[in-house]
Amino acid sequence: MKLELVVDDRPYAPGDWVRGRVEVREGGHSRRLSVSLLQRDRTADYTGVVRTIEGPELARGDVAAPASFEFSLQVPADAPPSYADSLGALYWEIDAKSDERGLDTHARHAIVVLPASR
Amino acid sequence: MSARFDHLPPGHPPGRQSRRAARTRPWGPILLFLFALGALGGSIALWVGRNTAKSKSGSEVGAAVFLGVAILLVLVAIWLWRRLFHARVARYLDVTADPIELRRGDAVHATLRVTDPSRIDGKLQIGLICTALHDVKVESYDAQGHRSERRSTERTEVVTDWRDVDPSAGEQRLDFAVPPDSAFSYEGDTVSWAWRVSARVAREHRSDPHRDVPIWVSP
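Definitions and cut-offs
- Residues numbered from 1 in each chain as written.
- Chains lettered and ligands numbered in written order.
- Predicted model: local features only at pLDDT ≥ 70, side-chain atom pairs only at ≥ 80, totals over all residues.
- Heavy atoms only, no water.
- Contact = heavy atoms within 4.5 Å.
- Buried area = accessible area lost by both parts, 1.4 Å probe.
- Salt bridge = Lys/Arg side-chain N within 4 Å of Asp/Glu carboxyl O.
- Helix = DSSP H or I, 4+ residues; strand = E, 2+ residues; numbered from the N terminus.
- Nonpolar A, V, L, I, M, F, W, Y, C, P; charged D, E, K, R; others polar.
- Buried < 20%, exposed > 50% of the residue type's maximum accessible area, 1.4 Å probe, protein only.
- Pairing = 2+ DSSP bridges.

Visitor: Please explain the interface of chain B and chain A as it appears in this structure.
Guide: How big an interface is tends to be expressed through the accessible area that disappears when the partners come together. Between chain B and chain A, the residue contacts involve 24 residues of the former and 23 residues of the latter. Of the roughly 1,800 Å² buried at the junction of chain B and chain A (both faces included), carbon and sulfur atoms supply 58%. On the surface where chain B and chain A come into contact, there are 0 salt bridges. No other element matches strand β4 (residues 123-141) of chain B, which puts 5 residues into the side of chain B that touches chain A. In terms of residue class, the side of chain B that touches chain A is made up of 9 nonpolar, 5 polar and 10 charged.

Okay, structure coming up:
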(Lines give C-alpha, C1' and ligand atoms only; values in the text may rest on other atoms or scores of the structure.)
Protein backbone atom coordinates (compact mmCIF):
# COMPACT_ATOMS: atom_id res chain seq x y z
CA MET A 1 0.00 0.00 0.00
CA LYS A 2 1.27 3.47 -0.87
CA LEU A 3 -0.65 6.62 0.01
CA GLU A 4 -0.14 10.27 -0.86
CA LEU A 5 -1.78 13.27 0.78
CA VAL A 6 -2.72 16.27 -1.31
CA VAL A 7 -3.57 19.30 0.84
CA ASP A 8 -3.82 22.98 -0.02
CA ASP A 9 -0.52 24.43 1.26
CA ARG A 10 -1.77 27.58 2.94
CA PRO A 11 -1.88 28.73 6.55
CA TYR A 12 -5.07 27.88 8.42
CA ALA A 13 -6.79 29.83 11.16
CA PRO A 14 -8.58 28.15 14.07
CA GLY A 15 -12.02 27.08 12.86
CA ASP A 16 -10.92 26.78 9.21
CA TRP A 17 -11.63 23.66 7.21
CA VAL A 18 -8.69 21.74 5.75
CA ARG A 19 -9.72 20.13 2.50
CA GLY A 20 -7.69 17.63 0.56
CA ARG A 21 -7.61 14.13 -0.82
CA VAL A 22 -5.85 10.86 -0.21
CA GLU A 23 -4.41 9.36 -3.37
CA VAL A 24 -3.88 5.61 -3.39
CA ARG A 25 -0.74 5.05 -5.49
CA GLU A 26 -0.43 1.33 -4.75
CA GLY A 27 -3.37 -0.75 -3.57
CA GLY A 28 -3.31 -3.52 -1.00
CA HIS A 29 -4.92 -5.18 1.96
CA SER A 30 -6.48 -2.73 4.36
CA ARG A 31 -9.08 -2.96 7.09
CA ARG A 32 -9.86 0.74 7.15
CA LEU A 33 -8.66 3.91 5.49
CA SER A 34 -9.12 7.04 7.55
CA VAL A 35 -7.78 10.54 8.01
CA SER A 36 -7.24 12.62 11.14
CA LEU A 37 -5.81 15.93 12.26
CA LEU A 38 -3.12 15.70 14.94
CA GLN A 39 -1.80 18.35 17.29
CA ARG A 40 1.78 17.30 17.90
CA ASP A 41 4.95 18.55 19.50
CA ARG A 42 8.56 17.53 19.34
CA THR A 43 12.02 18.07 20.67
CA ALA A 44 15.28 16.89 19.14
CA ASP A 45 14.82 13.51 20.87
CA TYR A 46 11.06 12.94 21.20
CA THR A 47 7.80 13.40 19.34
CA GLY A 48 4.37 13.40 20.95
CA VAL A 49 0.70 13.60 20.05
CA VAL A 50 -1.28 16.00 22.20
CA ARG A 51 -4.68 15.84 20.52
CA THR A 52 -6.30 13.78 17.76
CA ILE A 53 -9.28 15.05 15.77
CA GLU A 54 -10.72 12.02 14.05
CA GLY A 55 -11.87 12.57 10.52
CA PRO A 56 -14.22 10.51 8.39
CA GLU A 57 -13.65 6.91 7.45
CA LEU A 58 -12.67 7.02 3.77
CA ALA A 59 -12.87 3.32 2.90
CA ARG A 60 -13.41 -0.04 4.54
CA GLY A 61 -11.69 -3.18 3.30
CA ASP A 62 -9.05 -3.65 0.60
CA VAL A 63 -8.23 -0.63 -1.50
CA ALA A 64 -7.30 -0.78 -5.18
CA ALA A 65 -5.12 1.73 -7.01
CA PRO A 66 -5.57 4.19 -8.47
CA ALA A 67 -8.16 5.72 -6.17
CA SER A 68 -8.76 9.11 -4.64
CA PHE A 69 -10.73 9.99 -1.51
CA GLU A 70 -11.65 13.56 -0.65
CA PHE A 71 -11.86 14.70 2.95
CA SER A 72 -12.33 17.80 5.05
CA LEU A 73 -11.26 18.36 8.65
CA GLN A 74 -11.92 21.37 10.83
CA VAL A 75 -9.10 23.00 12.80
CA PRO A 76 -10.47 23.37 16.37
CA ALA A 77 -11.52 26.86 17.40
CA ASP A 78 -9.13 26.70 20.39
CA ALA A 79 -6.20 25.39 18.34
CA PRO A 80 -2.83 26.77 19.45
CA PRO A 81 -0.82 28.10 16.52
CA SER A 82 2.19 26.39 15.04
CA TYR A 83 5.35 27.47 16.83
CA ALA A 84 8.98 26.41 16.91
CA ASP A 85 12.16 27.51 18.60
CA SER A 86 15.55 25.90 19.03
CA LEU A 87 14.31 23.58 21.80
CA GLY A 88 11.00 22.32 20.50
CA ALA A 89 8.07 22.75 18.19
CA LEU A 90 4.30 22.63 18.29
CA TYR A 91 2.80 21.66 14.96
CA TRP A 92 -0.29 20.30 13.27
CA GLU A 93 -0.35 17.36 10.93
CA ILE A 94 -2.84 15.58 8.69
CA ASP A 95 -2.43 11.83 9.01
CA ALA A 96 -3.94 9.45 6.44
CA LYS A 97 -3.82 5.93 7.81
CA SER A 98 -4.48 2.54 6.33
CA ASP A 99 -5.20 0.15 9.19
CA GLU A 100 -3.49 -3.09 8.23
CA ARG A 101 -2.31 -6.36 9.76
CA GLY A 102 1.16 -5.58 11.08
CA LEU A 103 2.50 -2.12 10.43
CA ASP A 104 -0.04 0.44 9.24
CA THR A 105 0.62 2.62 6.22
CA HIS A 106 0.66 6.38 6.80
CA ALA A 107 0.89 9.49 4.71
CA ARG A 108 1.49 12.66 6.70
CA HIS A 109 1.40 16.32 5.82
CA ALA A 110 2.17 19.18 8.21
CA ILE A 111 0.00 22.29 8.04
CA VAL A 112 0.60 25.74 9.48
CA VAL A 113 -1.99 27.01 11.97
CA LEU A 114 -2.04 30.75 12.61
CA PRO A 115 -2.86 32.47 15.91
CA ALA A 116 -6.52 33.30 16.43
CA SER A 117 -7.25 36.87 15.38
CA ARG A 118 -7.76 39.34 18.21
CA MET B 1 -2.07 25.89 42.52
CA SER B 2 -0.40 22.58 43.29
CA ALA B 3 3.23 22.70 44.39
CA ARG B 4 3.96 20.02 41.78
CA PHE B 5 2.68 22.33 39.04
CA ASP B 6 3.82 25.65 40.43
CA HIS B 7 4.67 26.90 36.93
CA LEU B 8 0.94 27.10 36.13
CA PRO B 9 -1.46 29.85 37.17
CA PRO B 10 -4.86 28.83 38.58
CA GLY B 11 -7.33 27.44 36.05
CA HIS B 12 -4.76 25.90 33.72
CA PRO B 13 -4.43 22.12 34.05
CA PRO B 14 -1.05 20.44 33.61
CA GLY B 15 -0.28 18.73 30.31
CA ARG B 16 1.07 15.24 29.76
CA GLN B 17 4.69 16.31 30.12
CA SER B 18 4.08 18.10 33.41
CA ARG B 19 2.13 15.15 34.80
CA ARG B 20 4.82 12.72 33.68
CA ALA B 21 7.59 14.81 35.25
CA ALA B 22 5.60 15.06 38.50
CA ARG B 23 5.32 11.26 38.68
CA THR B 24 9.08 10.83 38.59
CA ARG B 25 10.23 9.27 41.84
CA PRO B 26 12.99 11.02 43.80
CA TRP B 27 15.26 7.96 43.75
CA GLY B 28 18.30 9.76 45.18
CA PRO B 29 16.73 10.73 48.53
CA ILE B 30 14.79 7.44 48.69
CA LEU B 31 17.97 5.36 48.24
CA LEU B 32 19.86 7.47 50.78
CA PHE B 33 17.02 6.99 53.27
CA LEU B 34 17.05 3.21 52.68
CA PHE B 35 20.83 3.10 53.23
CA ALA B 36 20.28 5.10 56.40
CA LEU B 37 17.75 2.52 57.58
CA GLY B 38 20.31 -0.22 56.84
CA ALA B 39 22.98 1.61 58.82
CA LEU B 40 20.53 2.12 61.68
CA GLY B 41 19.71 -1.60 61.62
CA GLY B 42 23.43 -2.42 61.76
CA SER B 43 23.89 -0.03 64.65
CA ILE B 44 21.01 -1.61 66.60
CA ALA B 45 22.31 -5.13 65.88
CA LEU B 46 25.79 -4.26 67.14
CA TRP B 47 24.42 -2.56 70.25
CA VAL B 48 22.03 -5.42 71.13
CA GLY B 49 24.74 -8.06 70.60
CA ARG B 50 27.54 -6.21 72.36
CA ASN B 51 27.42 -8.44 75.46
CA THR B 52 27.94 -11.62 73.45
CA ALA B 53 30.48 -10.15 71.03
CA LYS B 54 34.23 -10.89 71.24
CA SER B 55 34.89 -7.24 71.93
CA LYS B 56 32.21 -5.31 73.77
CA SER B 57 33.91 -1.96 73.26
CA GLY B 58 34.43 -2.75 69.57
CA SER B 59 30.70 -3.42 69.16
CA GLU B 60 29.83 -0.20 70.95
CA VAL B 61 32.18 1.83 68.78
CA GLY B 62 30.81 0.08 65.68
CA ALA B 63 27.24 0.83 66.78
CA ALA B 64 28.14 4.48 67.28
CA VAL B 65 29.82 4.69 63.87
CA PHE B 66 26.81 3.06 62.16
CA LEU B 67 24.46 5.40 64.00
CA GLY B 68 26.53 8.39 62.89
CA VAL B 69 26.47 7.19 59.28
CA ALA B 70 22.68 6.70 59.51
CA ILE B 71 22.17 10.23 60.83
CA LEU B 72 24.49 11.65 58.15
CA LEU B 73 22.63 9.80 55.39
CA VAL B 74 19.25 11.04 56.66
CA LEU B 75 20.55 14.61 56.75
CA VAL B 76 21.92 14.32 53.19
CA ALA B 77 18.60 12.78 52.04
CA ILE B 78 16.65 15.68 53.58
CA TRP B 79 19.02 18.23 52.04
CA LEU B 80 18.68 16.58 48.62
CA TRP B 81 14.90 16.35 48.96
CA ARG B 82 14.62 20.03 49.83
CA ARG B 83 16.95 20.96 46.98
CA LEU B 84 14.94 18.93 44.48
CA PHE B 85 11.43 19.82 45.54
CA HIS B 86 11.52 22.95 47.63
CA ALA B 87 13.34 25.66 45.76
CA ARG B 88 14.43 28.43 48.07
CA VAL B 89 11.41 30.72 48.32
CA ALA B 90 12.04 34.28 49.45
CA ARG B 91 9.00 34.92 51.62
CA TYR B 92 10.25 38.43 52.36
CA LEU B 93 9.63 39.35 48.71
CA ASP B 94 6.01 40.16 47.98
CA VAL B 95 5.42 39.96 44.22
CA THR B 96 2.23 40.44 42.25
CA ALA B 97 1.51 40.44 38.52
CA ASP B 98 -1.42 42.09 36.82
CA PRO B 99 -2.94 40.71 34.70
CA ILE B 100 -1.95 37.06 35.05
CA GLU B 101 -3.75 36.22 31.78
CA LEU B 102 -2.50 38.14 28.75
CA ARG B 103 -1.51 37.75 25.12
CA ARG B 104 1.79 38.03 23.34
CA GLY B 105 2.61 41.69 22.79
CA ASP B 106 0.70 42.75 25.92
CA ALA B 107 2.28 44.26 29.01
CA VAL B 108 2.22 42.85 32.51
CA HIS B 109 2.54 45.12 35.53
CA ALA B 110 4.74 43.68 38.24
CA THR B 111 4.75 45.00 41.78
CA LEU B 112 7.46 44.20 44.30
CA ARG B 113 7.46 44.97 47.98
CA VAL B 114 10.31 43.91 50.26
CA THR B 115 8.91 43.11 53.69
CA ASP B 116 12.31 42.58 55.29
CA PRO B 117 15.14 44.53 53.54
CA SER B 118 17.71 43.15 56.00
CA ARG B 119 17.39 39.76 54.27
CA ILE B 120 18.64 41.13 50.94
CA ASP B 121 22.24 39.94 50.74
CA GLY B 122 22.70 40.24 46.97
CA LYS B 123 21.40 42.04 43.93
CA LEU B 124 17.62 42.43 44.07
CA GLN B 125 15.99 41.90 40.68
CA ILE B 126 12.55 41.50 39.22
CA GLY B 127 11.94 39.99 35.84
CA LEU B 128 9.74 38.40 33.24
CA ILE B 129 10.86 34.89 32.38
CA CYS B 130 9.77 32.25 29.92
CA THR B 131 11.03 28.73 30.54
CA ALA B 132 11.00 25.94 27.98
CA LEU B 133 10.53 22.50 29.50
CA HIS B 134 11.87 20.12 26.90
CA ASP B 135 12.31 16.37 26.95
CA VAL B 136 15.77 15.01 26.23
CA LYS B 137 17.19 11.53 26.03
CA VAL B 138 19.82 10.94 28.69
CA GLU B 139 22.24 8.10 28.02
CA SER B 140 24.23 6.40 30.73
CA TYR B 141 26.61 3.47 30.89
CA ASP B 142 27.13 1.00 33.73
CA ALA B 143 30.46 -0.49 34.79
CA GLN B 144 30.12 -3.22 32.16
CA GLY B 145 29.58 -0.65 29.43
CA HIS B 146 25.89 -1.42 28.97
CA ARG B 147 24.03 1.59 27.66
CA SER B 148 20.69 2.69 29.09
CA GLU B 149 18.43 5.58 28.21
CA ARG B 150 15.96 7.58 30.19
CA ARG B 151 13.70 10.50 29.42
CA SER B 152 14.39 13.66 31.32
CA THR B 153 12.65 17.03 31.26
CA GLU B 154 15.11 19.91 31.19
CA ARG B 155 14.37 23.56 31.90
CA THR B 156 15.88 26.31 29.78
CA GLU B 157 15.07 29.98 30.13
CA VAL B 158 14.28 31.23 26.62
CA VAL B 159 13.15 34.77 27.52
CA THR B 160 14.71 36.68 30.41
CA ASP B 161 14.16 40.32 31.21
CA TRP B 162 15.75 40.94 34.62
CA ARG B 163 15.89 44.46 36.02
CA ASP B 164 17.74 45.65 39.08
CA VAL B 165 15.64 47.30 41.77
CA ASP B 166 16.52 49.22 44.89
CA PRO B 167 15.64 47.19 48.00
CA SER B 168 15.14 50.34 50.08
CA ALA B 169 12.74 52.02 47.67
CA GLY B 170 9.56 50.57 49.14
CA GLU B 171 6.89 49.27 46.80
CA GLN B 172 8.03 49.33 43.19
CA ARG B 173 6.02 48.86 40.03
CA LEU B 174 7.56 47.87 36.72
CA ASP B 175 6.02 47.08 33.36
CA PHE B 176 7.20 44.23 31.19
CA ALA B 177 6.16 43.60 27.61
CA VAL B 178 5.79 40.05 26.33
CA PRO B 179 7.61 39.90 22.98
CA PRO B 180 5.01 39.43 20.22
CA ASP B 181 7.00 36.72 18.45
CA SER B 182 7.96 34.76 21.56
CA ALA B 183 6.64 31.45 22.80
CA PHE B 184 3.20 31.40 24.40
CA SER B 185 2.14 29.37 27.41
CA TYR B 186 1.74 25.79 26.33
CA GLU B 187 1.36 22.45 28.09
CA GLY B 188 2.46 19.69 25.74
CA ASP B 189 3.72 16.14 25.59
CA THR B 190 7.41 16.65 24.82
CA VAL B 191 7.77 20.42 25.20
CA SER B 192 6.03 23.11 27.25
CA TRP B 193 6.57 26.83 27.69
CA ALA B 194 5.83 28.52 31.01
CA TRP B 195 5.85 32.24 31.82
CA ARG B 196 6.33 33.87 35.18
CA VAL B 197 7.05 37.16 36.88
CA SER B 198 9.82 36.57 39.34
CA ALA B 199 11.74 38.47 41.99
CA ARG B 200 15.10 37.17 43.13
CA VAL B 201 18.13 38.01 45.16
CA ALA B 202 21.00 37.23 42.81
CA ARG B 203 24.00 35.98 44.76
CA GLU B 204 27.38 34.82 43.55
CA HIS B 205 28.23 31.16 44.08
CA ARG B 206 25.02 30.53 46.00
CA SER B 207 21.44 29.71 45.08
CA ASP B 208 19.18 32.70 44.47
CA PRO B 209 16.21 33.01 46.83
CA HIS B 210 13.23 33.95 44.67
CA ARG B 211 9.48 34.38 44.58
CA ASP B 212 7.48 33.55 41.43
CA VAL B 213 4.06 34.44 40.10
CA PRO B 214 3.08 32.19 37.18
CA ILE B 215 1.22 33.94 34.38
CA TRP B 216 -0.52 32.59 31.28
CA VAL B 217 0.42 34.09 27.91
CA SER B 218 -2.02 33.23 25.12
CA PRO B 219 -0.96 33.25 21.46
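Visitor: Explain the pairing of strand β7 (residues 89-99) of chain A here, please?
Guide: In regular strands, side chains alternate between the two faces of the sheet. All names here are of chain A. Across the 11 residues of β7, 9 count as buried, placing the element largely inside the fold. The pairing of strand β3 (residues 32-42) with β7 spans 11 bridges and is antiparallel. From the neighbouring strand, R40 faces β7, where its bridge partner is Y91. Of the pairings in the sheet, the one linking strand β6 (residues 83-84) to β7 comprises 2 bridges and is antiparallel in character. Bridging across to β7, A84 finds its partner in A89. Where β6 folds back onto β7 in an antiparallel hairpin, the turn is made up of 4 residues. The pairing of β7 with strand β8 (residues 105-111) spans 7 bridges and is classified as antiparallel. When the bridges of β8 are listed, A96 appears paired with A107. Between β7 and β8, which pair antiparallel in sequence order, lie 5 residues; one of them, G102, sits at a positive phi of approximately 80°.

Treat this as a map of the structure, not an account of what it does.
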